[in-house]
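Residues per chain are reported as follows:
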Amino acid sequence: MGPDALALVPAAPEHTRNGDAGYAYRADSDLLYLTGHTEPDALAVISTASEQDFVLFLRPRDAFAETWSGRRLGLEGAVARLGAAAAHPFDEWEALLPAMLADVGTLYVKLGAQPAFDQKLVALLGAMRSRAKWKGHPPGRIEDLGEPLHELRLFKSDAELALLERAAHVTDLAHRACMSELRPGMKEYELQATLEYQFRKHGCEPGYVPIVAADANATVLHYHQGRDALVNGGLVLIDAGAEHEGYTADVTRTLPVGGAFSAAQRDVYDLVLKAQAAALALCKPGSTIPQIHAETSRVLAQGLIDLGLLTGDVDEVLREGKQRRYYMHGTNHYLGLDVHDVGRYGHKGKPRPLEPGMVITVEPGLYVPQEGVVGPEALRGVGVRIEDDVLITASGHRNLTAATPKAREEIEARCAR
Ligand code: GLY
Ligand code: MN
Ligand code: MN
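Model, not experiment: these values are computed from the prediction. (Residues numbered from 1 in each chain as written. Chains lettered and ligands numbered in written order. Predicted model: local features only at pLDDT ≥ 70, side-chain atom pairs only at ≥ 80, totals over all residues. Heavy atoms only, no water.)

**Some details on the coordination of the manganese ion (ligand 2)**
Which entries qualify depends on this criterion: Metal sites are built from N, O and S donor atoms within 2.8 Å, or 3.2 Å for Na, K and Ca, and they leave out water, so they may look incomplete. Angular criteria define each label, namely tetrahedral for four donors with all angles between 85 and 135 degrees, square planar for four and octahedral for six donors with opposite donors over 155 degrees apart and remaining angles between 65 and 115, and irregular for whatever fails these tests.
The protein atoms that coordinate the manganese ion (ligand 2) are Asp-250 (OD), His-333 (NE2), Glu-363 (OE) and Glu-387 (OE), at distances of 2.0 to 2.2 Å. Considering all six donor atoms around the manganese ion (ligand 2), angles at the metal cover 52 to 155° and the coordination shape is irregular. Read in sequence order, the donor residues for the manganese ion (ligand 2) give the motif D-x82-H-x29-E-x23-E. A separation of 3.4 Å is found between the manganese ion (ligand 2) and the manganese ion (ligand 3), both of which receive a donor from Asp-250.

Okay, structure coming up:
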């Protein structure tokens, strides 16, 4: 931020699910990253303009309210446990902020992220402008907090990596449990229960709503209905990651129901695994995400031609983007506190090279629609994705989710037991 600057980071609002029942509360990742605070109704003020470098507005202790909705950290807790220089009741932020903002050089805020907060802030800046000038001017500049903050979040510290490794380990336990419990006739939601049981049994929760998709359901990328039966000889795609202390893994495996891939399923599985190997080989400093995607798309496009799903030569297929009919999403995204984590992917159309400390997913897939495609009947409705999470290192990468089986023979053996 530089000197003479001040950043404002509000907590995420609570949301009602229905009636008087709320959704489980999840802290805003920026606030969590900077402060460790996990309660709603909070505003962090981070300052290089004042001795008080971290001031937290939060819910004060309140015996009556805590009887209904749980213990609060409270003002003393913010100082003792989070290291705040000072703490104030949340409902005083609009009254106290003008004095903190007076004559500050630069205000950092993520405008647009929380319109209700923005509105109050703008009104407050307006009031500062129209009051007696000896009380101080509003900040001279307003900058996007996302720029410096998300650059920090993009590069994981050792402490963050330890949390991600724990998330990856619990994710591995959950995927393995699915492999051993998988039986023809099970419902998709039963495997979802297995995943969530393992996550919660180990103190985690799902980092995103798990996808458990039988057969052609796997060709719906964000499939969440989850009430169909697993058919012997079919496939099930499982995309699920545990979140530990806010950090989530993001892992996909595609399993044969009954324990053996058919010839057609095997062809698709092997092709996706081959594309993932090609992508992983490029996961190193200097590579760019569009470059990895182009190489992955090339392997998949050639495979699609070989399988009879596309015609023409590979350069022509890629030039016309015909492979997108079967591979319509990207190969990588950043991963961390958010499953689709923050950080710039490039600037003014120029992609950004990977650097040590970044964590990305590697997730090629192929999704053959049931209708309107050429090629062998047996391939229709087959959907396969294989997804791992890797840390970029100085010499290449470290696969954080390598423990979760993906070799075809091993997957078959585990699912057949
Ligand atoms: N689970 C969401 C994704 O793979 O990006
Ligand atoms: Mn992903
Ligand atoms: Mn995923």
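**Quick notes on the sheet that holds strand S10 (residues 211–214)**
Threshold: For two strands to pair, DSSP has to find at least two bridges joining them. A run of DSSP states H or I qualifies as a helix once it reaches four residues; a run of E qualifies as a strand once it reaches two. Both are numbered from the N-terminal end. To get an axis, fit a line to the C-alpha atoms, keeping to the stretch in contact for a helix; angles then go from 0 to 180 degrees between the N-to-C directions. For this analysis, residues touch if any pair of their heavy atoms sits within 4.5 Å.
Across the sheet, which stays open at both edges, the three strands sit in the order S10-S11-S14 with antiparallel pairing between neighbours. Taken across any chain shown, the strands that pair with only one partner, and hence form the sheet edges, are S10 and strand S14 (251–256). Between one strand axis and the next, the sheet turns by 10° as a mean value, whatever way the strands run. The sheet contacts of helix H7 (residues 158–181) involve strand S11 (235–240) and S14, and relative to S14 the element is tilted by about 10°.

**Quick look at the coordination of the manganese ion (ligand 3)**
Within the protein, Asp-239 (OD), Asp-239 (OD), Asp-250 (OD) and Glu-387 (OE) serve as the donor atoms for the manganese ion (ligand 3), at 2.1 to 2.3 Å. Each of the six donor atoms around the manganese ion (ligand 3) contributes to a set of angles spanning 57 to 169°, which defines the coordination as irregular. All donors of the manganese ion (ligand 3) belong to a single chain; written as a sequence motif, their spacing is D-x10-D-x136-E.

**Points about the sheet that holds strand S17 (residues 359–362)**
Here we have three strands laid out as an open sheet, ordered S17-S20-S21, and antiparallel in their pairing. Bordering the open sheet on either side are S17 and strand S21 (396–399), each of which pairs with just one other strand. Strand-to-strand twist across the sheet, computed as the mean angle between neighbouring axes with direction ignored, equals 40°. For strand S20 (residues 388–393) and S21, the ladder comprises four bridges, and the chain directions are antiparallel. Looking at the pairing, Ile-392 lines up with His-397 of S21. Taken strand by strand, helix H9 (residues 263–281) contacts S17, S20 and S21, and its axis lies near 155° from that of S17.

**Side note on the packing of H9 against helix H10 (residues 289–306)**
The following threshold applies: Any angle that falls under 35 degrees is termed roughly parallel, while one over 145 is termed roughly antiparallel, one within 65 to 115 roughly perpendicular, and all others oblique. Two helices cross in a left-handed way if the nearer one is turned anticlockwise from the farther one by less than a right angle. They cross in a right-handed way if the turn is clockwise. Classes in brief: Ala, Val, Leu, Ile, Met, Phe, Trp, Tyr, Cys and Pro nonpolar; Asp, Glu, Lys and Arg charged; the others, Gly included, polar.
Direction vectors running N to C along H9 and H10 enclose 155°, while the axes themselves pass 9 Å from each other. By the angle between their axes, H9 is roughly antiparallel relative to H10. Between H9 and H10 the crossing geometry is right-handed. The segment H9 lies against H10, with Leu-271, Val-272, Lys-274, Ala-275, Ala-278 and Ala-279 engaging Ile-292, Glu-295, Thr-296, Val-299, Leu-300, Gly-303 and Leu-304. When the residues that make up the contact of H9 with H10 are grouped by side-chain class, the tally is nine nonpolar, two polar and two charged.

**Some points on helix H5 (residues 115–129)**
Rules: Every helix has an expected span of 1.5 Å times one less than the residues it contains. To sort residues, take the accessible area from a 1.4 Å probe on protein chains only and compare it with the maximum for the residue type: under 20% means buried, over 50% means exposed, and anything in between is partly exposed. The directions considered for the arc are those from the helix axis to the C-beta atoms.
Counted at 1.5 Å a residue, the expected span for H5 with its 15 residues is 21 Å, and the 21 Å between its end C-alpha atoms agrees. What H5 keeps buried is the set Phe-117, Asp-118, Leu-121, Leu-124, Leu-125 and Met-128. Projected down its long axis, H5 carries its buried residues within an arc of 130°, all on one side. Relative to its buried face, H5 has exposed residues pointing more than 90 degrees away, namely Pro-115, Ala-116, Gln-119, Val-122 and Ala-123.

**Quick look at the site of ligand 1**
Stated formally: Neighbouring residues are identified by heavy atoms, a residue being near a molecule or strand if any of them is within 4 Å of it. Polar contacts, as counted here, are pairs of nitrogen or oxygen atoms within 3.5 Å of one another; within protein the pair requires one atom able to donate a hydrogen and one able to accept it, and residues that are adjacent in sequence qualify only if both atoms are side-chain atoms.
Taken together, Tyr-208, Asp-239, Asp-250, His-333, His-340, Glu-363 and Glu-387 form the complete shell of residues around ligand 1. Between ligand 1 and the protein, one listed contact pairs a nitrogen atom with a side-chain N or O atom of Asp-239 at 3.1 Å. In this structure, an oxygen atom belonging to ligand 1 sits 3.1 Å away from a side-chain N or O atom of Glu-363.

**Notes on the environment of Arg-176**
Along the chain, the position of Arg-176 falls in helix H7. Spatially, the C-alpha atoms of Arg-176 and Asp-313 are 39 Å apart, while their sequence positions differ by 137 residues. Those residues in contact with Arg-176 that lie beyond four places of it in its chain are Ala-403, Pro-405 and Arg-414.

**As for the pairing of strand S8 (residues 141–144)**
As defined by bridge partners, strand S7 (residues 106–109) adjoins S8 across four bridges and the pair is classed as parallel. Among the inter-strand pairings, Tyr-108 is bridged to a residue of S8, identified as Glu-143.

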